[in-house]
Amino acid sequence: MVRSSVLVLLSMLWASTVADGFEVAGEISGENDGDQYGAAICAVDFNGDGHLDMAVGAPANDDAGTSSGKVYLYFGGPSADTVADLTFVGDPSSFFGKSLSSAGDFNNDGYDDLLVGAPFYDVPATSAGAVYLFYGGPSADVVADHIFTGQNGSDYFGIAVTGAGDFNNDSYDDFAVGAYYNDWGGFTKAGKVYVYLGGPSPDFAADLILVGTADGERFGFAISSQDYDGDSYSDLSVGAYSYDAAYLNQGRVYVFSGGSSVDTIPDLIITGDSAGYKFGWSLASGKVSGDSYWDLIMGSDGVSIDTFSVGEIYVFNGGPSFDGVADYSYNLGRLKHDYLGFDVASSADVNGDGFDEIIAGMPGNDDGGTDAGGALLFDGGPSVVVDTNFLGSSSGQEMGKAVGFWEDFGAGGAVAIAVGASSSDNYRGSLLLYHKAGGSENAPPVLDPIGPKFGVVGTPVIFTVTASDPDGTVPALSAPDLPTGADFEDYGDGSGLFSWTLVLSDTGTHSVTFIASDESLSDSEVVDITIADSSSCCLLRGDLDHSGVLNIGDLTYMVAYLFTGGVPPPCYIEGDIDNNSSINIGDLTYLVAFLFTGGPLPLPCP
């Protein structure tokens with residue numbers, strides 16, 4: 001997302017029920033007063049194990065010098081816990097960890113990378129700002145692989161970071177960085193966004209620079225990216241919350257379309273329609289409306305009723321007619337400084353209905369105490385509705401400065417909701433994690449279909465068995481009733497290998513049961529393996545109707561067997577035209593090619 005990205009936390013310290021069937025699954029606090037732990041959070045599979053990990057920022061931590069900042073990374077998956085597996089530290093006074101995001105696979109090595117913003121970094125000038133790039137992988141470490149820096153003093157480069165997907169359509173992941181106080185071309189604090197294009201050997205130079213075009217616009221304070229217009233290219237949305245034209249601080253959002261020939265001209269501009277609205281304060285992306293298109297979500301914490309900054313969230317539905325007209329908006333409609341929309345996040349389906357939800361922070365909310373804060377969960381769908389209100393519990397906590405989702409919270413694969421409160425406990429900071437009451441149940445494994453197999457004496461029968469588990473665990477594979485001479489090896493990664501060297505006495509049909517298990521839950525399939533004696537079976541591969549020639553009758557026979565429950569070939573080896581130990585669509589394709597398009601002859605019988 002922007003400064004906080006997608007979020008998460010891992011803890012089972014205590015649990016108490018809150019509204020609408022959610023419960024507090026845990027809380028993690030910062031190490032020291034003043035750390036501001038929980039100011040930014042993002043989800044990234046940094047260690048490359050297929051599970052989302054959690055990065056949490058504490059930008060005012062002093063471990064490496066005053067306000068050097070610190071980032072805590074918690075490995076995700078079924079055994080996730082609250083002990084940081086990796087910690088990263090910044091340079092003195094840099095506020096390292098003020099913003100976080102996955103960079104996608106920026107260097108194209110197959111693993112996701114991590115971006116850490118440090119907007120007060122003092123090289124080449126005071127508060128020029130920096131972004132640290134850490135390459136992910138099984139042996140990833142805490143040493144930055146590259147540090148990008150701002151151009152001028154007080155640029156605050158790194159105030160916002162986001163992975164930009166494949167913005168320029170070259171098949172490599174890109175990322176973008178905001179420098180919202182940058183001065184250029186005679187404009188003061190107009191702001192810039194720097195886009196870096198990924199690849200196997202990135203040059204670390206900004207490939208595209210987008211700019212604000214008015215004094216004090218603060219272009220680049222918030223950034224998000226997805227394919228909003230449905231053209232298969234990632235687009236980039238940029239917030240400029242302090243834009244003034246007809247009104248003071250009405251704010252703007254600029255959308256730049258991705259593609260093979262990207263440019264610096266915005267393709268869509270969304271402008272606030274009243275003073276102080278601060279359009280573009282926070283941005284996120286999700287498939288909220290339930291179609292196949294990504295929607296743009298915006299938080300405008302300055303929207304007011306009378307003199308009160310109630311705040312408001314907006315949803316702009318994506319698609320070919322993406323027009324920047326809000327399709328949904330919501331505020332609490334009361335005379336309170338709630339600051340709803342201070343941060344927003346989406347791109348996670350909490351209740352499993354096929355629609356992404358939205359979480360919006362409201363750090364000024366007083367319902368749990370003066371400035372205790374909170375967050376609102378919105379259910380996605382054709383009609384977006386408010387679902388659950390999460391409230392802070394102590395004055396000054398300002399819960400909701402960072403919000404997000406984690407789609408891989410422990411066993412069961414449930415989606416967790418996390419809310420940051422970086423001002424709590426003398427700015428020590430904390431993060432609270434919520435999930436559906438009762439937590440996640442163990443899910444049964446799923447054995448991938450195997451189907452009947454066959455072989456011929458003298459030729460080994462070899463095939464792979466695979467399975468998966470919805471809760472992310474690796475199922476155990478077994479075959480307890482193997483024929484004499486057969487072997488099955490479980491590789492321990494959800495796959496296993498069956499092998500059988502055949503002798504004459506093995507002819508006939510053998511039923512073998514394959515089982516995928518996870519604790520007391522399992523899935524199984526009984527597979528018939530038919531063995532023929534090569535001297536008495538195959539006469540001509542593909543001659544299924546035994547007419548002595550290959551013709552349309554054989555094609556009709558195979559179609560009936562594969563798709564309409566027809567009888568199997570009397571000799572399996574004759575149906576295995578491509579010689580891969582099974583009769584499937586590949587054999588049908590082979591036969592069609594031979595009969596009609598000049599394809600090669602089927603292989604001879606063994």
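Residues numbered from 1 in each chain as written. Predicted model: local features only at pLDDT ≥ 70, side-chain atom pairs only at ≥ 80, totals over all residues. Heavy atoms only, no water.

> Outline the overall build of the chain, listing residues and values.
A count of helices and strands for the chain gives 4 helices and 38 strands. For the chain, buried positions account for 53% of its 606 residues. Here the analysis covers contacts within the chain between residues at least 6 apart in sequence; of these, 57% occur between residues at least 24 apart. Accessible surface, the chain: about 22,700 Å² in total, of which carbon and sulfur atoms supply 50%. (Helix = DSSP H or I, 4+ residues; strand = E, 2+ residues; numbered from the N terminus. Buried < 20%, exposed > 50% of the residue type's maximum accessible area, 1.4 Å probe, protein only. Contact = heavy atoms within 4.5 Å. Areas by Shrake-Rupley, 256 points an atom, 1.4 Å probe, with all protein chains shown as cover.)

> Talk me through the sheet that holds strand β34 (residues 476–478); I want residue IDs and the actual numbers.
Read from one edge to the other, the open sheet built from 4 strands follows the order β32-β38-β37-β34, with strand pairing classed as mixed. Looking at the sheet topology across the chains shown, the edges are occupied by β32 (453–456) and β34. Within this sheet the neighbouring strands show an average axis-to-axis angle of 25°, counted without direction. With 4 bridges joining them, β32 and strand β38 (residues 521–532) adopt parallel strand pairing. (Pairing = 2+ DSSP bridges. Axes fitted to C-alpha atoms, helices over the stretch in contact; angles between N-to-C directions.)

> Please give an account of helix α4 (residues 585–596) that cites residues and values.
With 12 residues, α4 extends 16 Å between its outermost C-alpha atoms, agreeing within 8% with the 16 Å of an ideal straight helix rising 1.5 Å per residue. Within α4 the residues assigned to the buried category are D587, L588 and L591. Each buried residue of α4 lies within a common arc of 100° when the element is viewed along its axis, so the set occupies one face. Packed against the buried residues of α4 are α2 (552–563) and α3 (572–575). (Expected span 1.5 Å × (residues − 1). Arc of directions from axis to C-beta.)

> Got a sec to walk through the packing of aromatic side chains? Specific residues and values, please.
Two aromatic rings are characterised by how far apart their centres lie and by the angle between their planes. Within the structure shown, the criterion is met by 38 aromatic pairs. Arranged with centres 5.8 Å apart and planes meeting at 70°, the rings of F148 and F204 form a pair that is edge-to-face. Of this pair, F148 sits in strand β9 (residues 146–149) while F204 is found in the loop between β12 (192–196) and β13 (208–211), placing the two residues 56 residues apart along the sequence. A residue is classified by how much of its surface remains accessible, and F148, at 3% relative accessible area, is buried. Judged by relative accessible area, F204 falls into the partly exposed class, the value being 25%. (Phe/Tyr/Trp six-rings, centres within 6.5 Å; stacked < 30°, edge-to-face > 60°.)

None of this, on its own, says anything about what the molecule does.
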